[in-house]
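# Fold and geometry: a report
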Amino acid sequence: MKFNLIAFLFLVSMISACQQTEPVRKVLDDRGLIPLPAEITPVPGNAFVLNAKTQISYDSEEYAPTAALFSKEIKALTGLSLSFASGESTKGNIQMKQVADMEKEAYEIEISENQILLKTSSNTGMYFGTQTLVQLLEHGVIRLEDGKAIWAIGAGSIKDEPRFAYRGSMLDVARHFFSPTEVKRYIDYLARYKMNVLHLHLADDQGWRIEIKSWPKLTEIGGKTEVGGAVGGFYTQEEYKDLVAYAAERQIMIIPEIDMPGHTNAALASYPELNCDGKSPELYTGTEVGFSTLCTDKEVVYQFVDDVLRELAELTPGPYLHIGGDESHVTAKPDYIKFINRVQAIVKKHNKQMIGWDEITLANLEEGAIAQYWASPENAKAALDKKAALIISPAKYAYLDMKYDSTTKLGLRWAGLIEVDQGYSWDPAELEEGLGDENILGIEAPLWSETVSNLEEVDFLTFPRLPGYAEIGWTAKSKRDWNSYRQRLANEKTFFERMGINYYASPKVPWDEPKPDLLH
Ligand code: TNX
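Residues numbered from 1 in each chain as written. Predicted model: local features only at pLDDT ≥ 70, side-chain atom pairs only at ≥ 80, totals over all residues. Heavy atoms only, no water.

In this section: the domain arrangement of the protein. Many descriptions give the size of an interface as the accessible area lost when the pieces come together. Entries for the protein in the domain assignment read domain 1 (5-160) and domain 2 (166-474). Using C-alpha coordinates to define each centre, domain 1 is positioned 37 Å away from domain 2. Counting from both sides, the interface comprises 18 residues of domain 1 and, opposite them, 13 residues of domain 2. Taken over both partners, the interface formed by domain 1 and domain 2 buries close to 1500 Å², and the fraction arising from carbon and sulfur atoms is 53%. Applying the counting rule to domain 1 against domain 2 returns 2 salt bridges. In this structure, the connection of domain 1 to domain 2 is made through 8 residue pairs in polar contact (both at pLDDT 80 or more). By residue number, the principal contributor to the side of domain 1 that touches domain 2 is helix H3 (residues 123-140), which donates 10 residues. Across the side of domain 1 that touches domain 2, the residue classes tally to 9 nonpolar, 6 polar and 3 charged. (Domains from an automatic or database assignment. Contact = heavy atoms within 4.5 Å. Buried area = accessible area lost by both parts, 1.4 Å probe. Salt bridge = Lys/Arg side-chain N within 4 Å of Asp/Glu carboxyl O. Polar contact = N/O pair within 3.5 Å; in protein donor to acceptor, adjacent residues only side chain to side chain. Helix = DSSP H or I, 4+ residues; strand = E, 2+ residues; numbered from the N terminus. Nonpolar A, V, L, I, M, F, W, Y, C, P; charged D, E, K, R; others polar.)

According to the stated counting rule, one finds 29 salt bridges in the structure shown. Taking the shortest distance from any N to any O, the salt bridge between arginine 185 and aspartate 459 comes out at 4.0 Å. Of the two residues, arginine 185 sits in helix H4 (residues 180-192) while aspartate 459 sits in helix H13 (residues 455-462), which places them 274 residues apart along the sequence. As far as the burial class goes, arginine 185 and aspartate 459 line up, both buried. Through salt bridges that share partners, Glu138, Arg192, Glu492 and Arg498 make up one connected network. (Buried < 20%, exposed > 50% of the residue type's maximum accessible area, 1.4 Å probe, protein only.)

Right, let's get into the packing of aromatic side chains. The geometry of an aromatic ring pair comes down to the distance between the two centres and the angle between the two planes. Tallied over the entire structure, the rule returns 28 aromatic pairs. Between phenylalanine 496 and tryptophan 511, the aromatic rings sit 6.3 Å apart at their centres with planes inclined by 65°, giving edge-to-face as the arrangement. With phenylalanine 496 in helix H16 (residues 493-499) and tryptophan 511 in the segment after H16, this pair connects stretches of sequence that are 15 residues apart. This pair shows no difference in class: phenylalanine 496 is buried, exactly as tryptophan 511 is. Here the aromatic residues Tyr186, Tyr189, Tyr193, Phe463, Phe495, Phe496, Tyr503 and Trp511 are joined through ring pairs into a cluster of three or more. (Phe/Tyr/Trp six-rings, centres within 6.5 Å; stacked < 30°, edge-to-face > 60°.)

Right, let's get into the site of the ligand. The full set close to the ligand counts 14 residues, and Arg175, Tyr399, Asp401, Trp414 and Glu450 are the nearest of them. A distance of 3.1 Å separates an oxygen atom of the ligand from a polar atom in the side chain of glutamate 327. The side chain of tryptophan 414 places a nitrogen or oxygen atom 2.7 Å from an oxygen atom of the ligand. For the ligand, whose unbound accessible area comes to 360 Å², protein coverage reaches 97%. Of the residues belonging to the shell around the ligand, the class tally is 8 nonpolar, 1 polar and 5 charged. (Near = heavy atom within 4 Å. Areas by Shrake-Rupley, 256 points an atom, 1.4 Å probe, with all protein chains shown as cover.)

A few words now on the environment of glutamate 471. Within the secondary structure layout, glutamate 471 lies in helix H14 (residues 466-474). We classify glutamate 471 as buried; its relative accessible area is 0%. With 223 residues separating them along the chain, glutamate 471 and alanine 248 place their C-alpha atoms 21 Å apart. Beyond its immediate chain neighbours, meaning those up to four positions away, glutamate 471 contacts Leu33, Ile34, Pro35, Leu36, Tyr424, Arg480, Tyr485 and Arg488. Within the local environment of glutamate 471, its side chain forms a polar contact with the backbone nitrogen of leucine 36, the two atoms lying 3.0 Å apart.

In structure tokens, the structure reads:
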């Protein structure tokens, strides 16, 4: 370590002495890379050094939006404004190149002193490749004594693709409402780590957050408030479409959830006819669960569900609608089963696949239905028996709203305390018997918002755990290792600070130890 530090200082002084025109000898390494790529191959040689003349070029128009976003991100990180245009690369440039025979999410990067070559078959893979390059730049920078920086990426190559197709996080905007600007920032967090799903929990007892044109009181009344009684809020359909588009540019799909038949007090308060007794309850601002239910015997309830899911389907380019289905403690079991079966048919009618929390495995799941495992081994088994794919969100490992330790002020602790190492050190395929990569769609880390009401609080529970879930979803199990991960996570502090993220400085992460040196 000490030797490396001396070597580093020597190199920095040499660079200064050479007035930065000399090549920087540096090879590729995994410093700060999260999720860890499948293959990193250092090649002896000089680094690619970014400068104001570096251009981004692409040989397929498909890549133009990603080139623009990449340039923007480089500007935010380095201050350099790189131009981007279609065409072939010349020396010193970053070239995006389309190739056949690669998986949609896969990418390859070749880095040499003279060029960076990014190869993918699709814009999705290209976006992920650019995120890797942003991380390499962020963690490869050489800061000089005069305050200048050399943005260098070591020579070598990367080949990468994800383990699971679904790598997500859920934001509960129902218990506390989060503005479109706040949601966009959450999307940026996911994008950094190549996560590709944002599940929005859009309706619960405490609030209805999405405009439904055919049932306008849902937001007029049901959107008014939130936990604690402060003013709530909702997204107009225009705002929601804008979020969907913002996410899509970053290769993220938004999955809307309307939780039912339980968790529906906001809807019940808005429309009396959805209640069995025809009377609306008061709006609810507490944090209990399991006390509300739609009246599963009434036809108007199915008309309501049909209208809501039709409008949501129209707003959703992706294949999924999430119908909740959890903790319906006051719905009789036969009523619950009948309800989920009917809702499943409605989802299908609108050409979408149904996702529900693991309780939906009580119903007659059809092909294509997906269960989101959060707590129950019996339900996981039922999902496997019924050949439903699973999204893995074990509360005791992956719930972002659990406290880190007994002193954490925010968060809940019903599923246990989740320190950063516990959040990382588990595997989706090993949780229950019969689970294997073949029946797992992917993983998701939900952030329930009973105890968080603003972005600072969201940050605290999300960071630094979120990158760990991204790595579990992306990186092969054989390549995952807590000791390597905690080092890379410590390096990522640079990003948290650059973004002003209010992260939890977990004692499990060596934030301030000298980092392993990069120079070979
Ligand atoms: C359980 S997990 C819930 C939510 C709560 C959460 C708090 C699940 C499907 N339901 O209603 O917000 O616990 O951790």
